[in-house]
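Remarks on the overall topology
Each chain is listed here by its residues.
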Amino acid sequence: MIHNKIENLIHTFFYVCFMAFVMTTYNLVLHMGFSAEVLKVSWLSFPLTFIVAFTLEYYVVGRHGMKLVFKLHKDHHTAFQKRAIAALVIVSGMASLMSLYGSILTVGFSNELPLTWGHNLVINFIFAYPLIVFVAGPLVGFVFRKIFPEGSLIDIAK
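All figures in this text were calculated on a predicted structure; none of them were measured in a lab.

Sequence positions flagged by UniProt for "transmembrane region" (unreviewed entry) are, in local numbering, residues 12-29, 41-61, 84-109 and 121-144. Secondary structure content for residues 12-29 is 100% helix and 0% strand, while the C-alpha to C-alpha distance between its ends is 25 Å. With 100% helix and 0% strand, residues 41-61 has its two end C-alpha atoms placed 27 Å apart.

Here the focus is the environment of Val107. In this fold, Val107 is placed in helix α3 (residues 79-107). Aside from chain neighbours lying at most four places away, what touches Val107 is Glu112, Leu113 and Thr116.

On to the packing of helix α2 (residues 36-72) against α3, then. Each pair of packed helices can be described by the angle between their axes along with the distance between the axes. Running from amino to carboxyl end, α2 crosses α3 at an angle of 145 degrees, the nearest separation of the two axes being 9 Å. Crossing handedness for the pair α2 and α3: right-handed. Residues belonging to the contact of α2 with α3 are distributed by class as follows: 17 nonpolar, four polar and one charged.

Moving on, we get to helix α1 (residues 5-32). With 28 residues, α1 extends 39 Å from end C-alpha to end C-alpha; this agrees with the ideal 40 Å at 1.5 Å per step. Put simply, Asn4 is the residue that caps the front of α1, since its side-chain oxygen is 3.2 Å from the backbone nitrogen of Ile6. Trailing α1 by a residue or two, Gly33 shows a phi angle of about 80 degrees, which is positive.

Calculation rules
- Residues numbered from 1 in each chain as written.
- Predicted model: local features only at pLDDT ≥ 70, side-chain atom pairs only at ≥ 80, totals over all residues.
- Heavy atoms only, no water.
- UniProt positions renumbered as here; feature names shortened; annotations may be inferred.
- Helix = DSSP H or I, 4+ residues; strand = E, 2+ residues; numbered from the N terminus.
- Contact = heavy atoms within 4.5 Å.
- Axes fitted to C-alpha atoms, helices over the stretch in contact; angles between N-to-C directions.
- Left-handed = near helix turned anticlockwise from the far one by under 90°.
- Nonpolar A, V, L, I, M, F, W, Y, C, P; charged D, E, K, R; others polar.
- Expected span 1.5 Å × (residues − 1).
- Polar contact = N/O pair within 3.5 Å; in protein donor to acceptor, adjacent residues only side chain to side chain.

Here is the structure:
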């Protein structure tokens, strides 16, 4: 569980690093096949993709999405169900926005944009949701708490 703004910032940084690289690589593999060239292109495109993804996650989807998550959480939900609900909201927002970003990079502002965006949204959501729930969530949470045990980050923004 995240306790303050500094933890949220660092945790979001870890999540976005992981997801931006994996999702960029996934999309490139779908379009170009798996090769060393795909890994190179993924790595080279990572900085811009990370900046866009982090900005959207931290300032748009994370802030507004979590308000919706707290409305959807019920007392009878298990911890896993709460994480799954949060992932659904976050992935819905991020897959929509990052699929649009990728579509604009691919086809520009052409007549193909709506169809490309819709296609990319479906293939990205299908991959990103289980990735967040079963891989990124547990992995990022584990690494984050190993590096920053609870109570080790003090919120200086108070």
